[in-house]
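An overview of the molecular structure
Given next are the chains, with one letter for each unit.
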Amino acid sequence: MKRRILLLSALTVLGAATLPTYAADKIIVKIAGMKPDGEPETVGMKLFAKYVMEGTNGKYDVRVFPNSQLGKEDAYIAQTRKGIIQMCATGTQTSSLHPAMAMLETPMLYDSLEQAHKAMNGETFKLITKGFSEKSGLTTLNAFPLGFRHFYTKKPVNTVNDLKGLRMRVPNIPLYLEFAKQLGQSGQPMPFAEVPSSLDQGTIDGGDSPFSDIVALKMYEIAPNITLSGHILVLHSLYINNDFYNKLPPEDRKVFDDAAKRSAEDVWKMAAEVEKKAVEEITKGGGKIVTPNDEFKAVLKKAGEGTWKLFYDTVPNAKEILESVKQYK
């Protein structure tokens, strides 16, 4: 009897990582993210949850955990792969599983949100994610924008030469470090949460972020000079555990797919409006916004293309991905 009880206990623990949780006859679906409330990633997750629950008449209880409540990105990605949680939202962190995913944020690839939107709904997205599911144990449901990254600096930046030599905070990602190097900057990798104090202490001269982050932390109060460089479009996606996804009844899987597409479209529509409101808030708050001239943009473009060499050695279809974007101009 004791052996039987022990065996049942072991099976219960083992199954907890792979089976969905039921509460009051509802299937609980947990989605983890890193951004706080109000930011595009969290908005997208909450809209997805709303659409799934509406589309299945409450069969699924979709619970959103933003702001790294379930751990940092690496941790919750691992939990999703193992099936401990069912879904997560993240960006190019998944490139450690499939190098092509880094190309979601290829520097100076898109001329506009409209072009990127078409590429993510078309061939470019398919080429980037090709083979990802098999390697990762995750299915990529969509792609939505957090916004273009723009420079913020303590000193005015009127020409591209004003950027050279600046100590700029960058995410600890080879692609971002290489872009800073191509521009003649000193890339300083550090967590985003440390940026305000580092600016105050003079450890760094500035950094780059989407408007949503610049506004959320009121970065323009410390580094008031905003350069509309738009050098990298930050794209995140909703990911779902393959085993959980493939076991969904076909009609439910369609609801999940439709909810992912619909929520992503909502965020794309919001993106342009967010940028417009951000410009107004930054200007009102004392920030100064500078639009680069054509010469400045040409240097940014050259620096961006200089980083593309990183993809050629790691992504077999890199050139095909880069070429595919041209059809959406």
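Figured I'd write up the structure that's included with this text. Fair warning: this is a prediction, and the values are worked out from it, not measured in the lab.

Glancing now at helix α12 (residues 294-307). Helix length check: α12 (14 residues) gives 20 Å between terminal C-alpha atoms against 20 Å at 1.5 Å per residue, within 8%. Those residues of α12 that sit buried are F296, L300, A303, G304, G306 and T307. Here the buried residues of α12 occupy an arc of 155 degrees about the axis, which is enough to place them on one side. Away from its buried face by more than 90 degrees, α12 exposes D294, E295 and K302. On its buried face, α12 sits against β6 (144-153), α7 (174-182), β10 (225-241) and α13 (309-312). Residue N293 occupies the N-cap position of α12, its side-chain oxygen lying 3.2 Å from the main-chain nitrogen of E295.

Turning next to the side chain of S324. Checked against the element boundaries, S324 lands in helix α14 (residues 318-324). Judged by its relative accessible area of 7%, S324 falls in the buried class. In terms of polar contacts, S324 uses its side chain to reach the backbone carbonyl oxygen of I321, at 2.6 Å. Leave out the neighbours within four places in its chain, and S324 touches T124 and L127.

The rules we used
Residues numbered from 1 in each chain as written. Predicted model: local features only at pLDDT ≥ 70, side-chain atom pairs only at ≥ 80, totals over all residues. Heavy atoms only, no water. Helix = DSSP H or I, 4+ residues; strand = E, 2+ residues; numbered from the N terminus. Expected span 1.5 Å × (residues − 1). Buried < 20%, exposed > 50% of the residue type's maximum accessible area, 1.4 Å probe, protein only. Arc of directions from axis to C-beta. Contact = heavy atoms within 4.5 Å. Polar contact = N/O pair within 3.5 Å; in protein donor to acceptor, adjacent residues only side chain to side chain.

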